[in-house]
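The lines below spell out each chain.
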Amino acid sequence: MNFAAQLLYSSYLSERLQRLYSPRPALKDTEENDPFWQRWELHLNSPGILWEFLPKPCSHQRCDLCLRALTNGTAGCRPTLIEPERLKDFGEEHLVNGDVKVFETKVVEAPEVRLMEPPKTRRVSEFRHTPKPQYLRFEDISAAAFRLQTGIQKTPCTYSRLSKQYGMEIYLKKEHLHYTGSVKERGVLYQLTCLTQEQQRKGVIVSTDCNFSMAVAHHAVELKIPVFVIMPSGCSSPRLRVYRDYGAMVISYGSTGQDSRSHARHLAKENGYLYLEESVEVYLAGLGTVGMEIVEQVPKVDAVVVPAAGQYGLLAGTAAAIKHLNSQITVIGVEPEGFPLLLQSLKMDSPVKDMHSNPNKQLYGDLMERSLGVHVFQLAKKLVDKVISVRLEDSLVAMLRFQEFERSTVDTEGAMGLAAILAGQLPELKGKKVAVVVSSANMELALVRQCVDRALVLDDRVSKFSVQLGEWPGDMAKLLDFLSREDVRLLDICHRTQSDRSDLFKSKVECVVETRDKSQSAQLRRTLSDRYPSICWLDR
């Protein structure tokens, strides 16, 4: 292979030398006569000529030193001619061996260029700002909604007949229709399904008697997860029977909710149970599915009213979903006047730990033992537009409206959203489309009866008065005949004989009557006052 290459290269050199030393042809008319370039061999057209001295003296007659040009390409037309004066700019002219001129170019060394020092290396974390992950994302709520499709029914959000009475379009999101009568089933079921197999095998434990514990007892048994409920000893028998009917292991311990919670944590630590709480992220994500359904079921809704009595997770989760889907929707939270935990926390700009208040324990459960988590408070502060408090009397009247117009029984917590509208605390919603979340309906029958009786009195439909009558025959009959002609229903009557000497031959009669509405009650008061000047209307 090397021999062939040498043979080809020698033949190539012989051809080049033959052309190099051939006689110089005469110049044509089209060519220029350049006095500087005197050698024909310098007319070779090549951009990269390499000049080398021949090793042996040549027999050329015109000079003693010949030059040889080795090029990368073929010889062609000569390049653009250069005048000798222009070469002075490139160097000094020297004569070497007669008429051959060689120009050497002196390269002037450029001043040394100092590069700038490279910047100090810094960590990537110093340039990149990594935002903190959100506590509750809309993606978490969407995942919860997808998983709850088969386990939780989509509750209706129907138009209320109370809309015309209060001048706005009211839609009731009836979350009290769940199996356990509470919206907390959404968060509980998603929380239980997110547990690992090891946690499900060991079991879960909850404390106190509330809607959350009831939902855990039901769904844990449905998922075949061992569940233990630690309840105070003062819990009513009907409530205990409900937990046992669900299949939970009920343990009575302590006299307060704090005692039962401490005992539950102790049992969880000793036996490896998982103590479930309401402030975890997965639980809030499950509750946030309520907001997604409201936006889907009520197109172009303007405001959403959410109760927050012991259910601050419902308010935070619903607000997170609604604000992501439509930031123009107003989210309003409602809590009881006797326990305004969220309002006080917003005023203090931090969650209040010790709330000095005395709410009705029979109606609001264990609100005094509830606390507001830091993450839930931050979500409520950021996403909830308005928080108001309602009186207990307004909640009782709202319960009555549910029974009369919606044919459903709810508890005071579930009726708080409608109570805010009935009390006139939301005048800015007049003429708008409003969705009200009805969160729960867990109340014992005896307590429901007491609430309804009290609500009738507050609504001026049940009145109580006392009047003095003579002991003559027929006086009592005249009073009863008058009430019947006024179309008034007599609920109770008490006849007492006066023992005071100044009221001889007098008797005191106390009556409890029920009217159709406030207008009939006002008419009855005027008529009785004119007929019996000694009448006395008892305070509500």
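Owing to the predicted nature of the structure, the values given are computational and were not obtained by experimental measurement.

## A closer look at the environment of Arg-531
Moving on, step 1. As for its placement among the helices and strands, Arg-531 is situated in helix H20 (residues 518-531).
Moving on, step 2. Along the sequence, Arg-531 and Phe-482 sit 49 residues apart, while their C-alpha atoms lie 9.9 Å from each other.

## A word on the environment of Val-229
Moving on, step 1. The topology assignment puts Val-229 in strand E8 (residues 227-231).
Moving on, step 2. Accessibility expressed as a relative area gives 0% for Val-229, which makes it buried.
Moving on, step 3. It is 8.4 Å that separates the C-alpha atoms of Val-229 and Asp-209, two residues lying 20 residues apart in sequence.
Moving on, step 4. Val-229 has contacts with Val-206, Thr-208, Ala-217, Tyr-243, Ala-248, Met-249, Val-250 and Ile-251, leaving out every residue within four places of it along the chain.

## Thoughts on the pairing of strand E6 (residues 169-174)
Moving on, step 1. Among the 6 residues that make up E6, 5 are buried, leaving the element largely enclosed by the rest of the structure.
Moving on, step 2. Two elements, strand E5 (residues 157-159) and E6, share 3 bridges in a ladder whose sense is antiparallel. Bridge pairing in E6 places Tyr-159 opposite Tyr-171.
Moving on, step 3. Of the strand pairs in this sheet, E6 and strand E14 (residues 433-438) are connected by 6 bridges, and their pairing is parallel. Along E14, the bridge assignment pairs Tyr-171 with Ala-435.

## Describing helix H13 (residues 341-348)
Moving on, step 1. Of the residues making up H13, those classed as buried are Leu-341, Leu-342, Leu-343 and Ser-345.
Moving on, step 2. Elements that come into contact with the buried residues of H13 comprise helix H12 (312-325), strand E12 (330-336), helix H15 (374-383) and strand E13 (386-390).
Moving on, step 3. Remark: Asp-349 follows H13 within two positions and exhibits a positive phi of approximately 60°.

## A short note on the pattern of salt bridges
Here the idea is simple: oppositely charged side chains can pair when their charged atoms come close.
Moving on, step 1. One pass over the full model with this rule turns up 24 salt bridges.
Moving on, step 2. A salt bridge links Asp-209 to Arg-239; the shortest N-O distance between them is 3.0 Å. Remark: Arg-239 occurs in helix H8 (residues 237-246) and Asp-209 occurs in the loop between strand E7 (204-207) and helix H7 (211-222); sequence separation between them is 30 residues.
Moving on, step 3. Residue class for Arg-239 comes out buried when judged on its relative accessible area of 15%.

## Some details on unusual backbone geometry
Moving on, step 1. The phi dihedral of Arg-407 is positive, around 55°, even though this residue is not glycine.
Moving on, step 2. Look at Arg-407 and you get exposed, because its relative accessible area is 61%.
Moving on, step 3. Here the phi dihedral of Asp-487 falls at roughly 60°; this positive angle occurs in a residue that is not glycine.
Moving on, step 4. Within the secondary structure, Asp-487 sits in the loop between helix H19 (475-485) and strand E16 (489-497).

## Comments concerning the sheet that holds E7
Within a sheet, neighbouring strands are paired by backbone hydrogen bonds and run either parallel or antiparallel to one another.
Moving on, step 1. If you walk across this open sheet you meet the 4 strands as E9-E8-E7-E10, and the pairing is parallel. Whereas interior strands pair on both sides, the edge strands pair on one side only; in this sheet they are strand E9 (249-252) and strand E10 (274-275).
Moving on, step 2. Inspection of the sheet shows E7 paired to E10 by 2 bridges, in the parallel sense. Bridge assignment links Ile-205 to a residue of E10, and that residue is Tyr-275.

What counts and how
- Residues numbered from 1 in each chain as written.
- Predicted model: local features only at pLDDT ≥ 70, side-chain atom pairs only at ≥ 80, totals over all residues.
- Heavy atoms only, no water.
- Helix = DSSP H or I, 4+ residues; strand = E, 2+ residues; numbered from the N terminus.
- Buried < 20%, exposed > 50% of the residue type's maximum accessible area, 1.4 Å probe, protein only.
- Contact = heavy atoms within 4.5 Å.
- Pairing = 2+ DSSP bridges.
- Salt bridge = Lys/Arg side-chain N within 4 Å of Asp/Glu carboxyl O.

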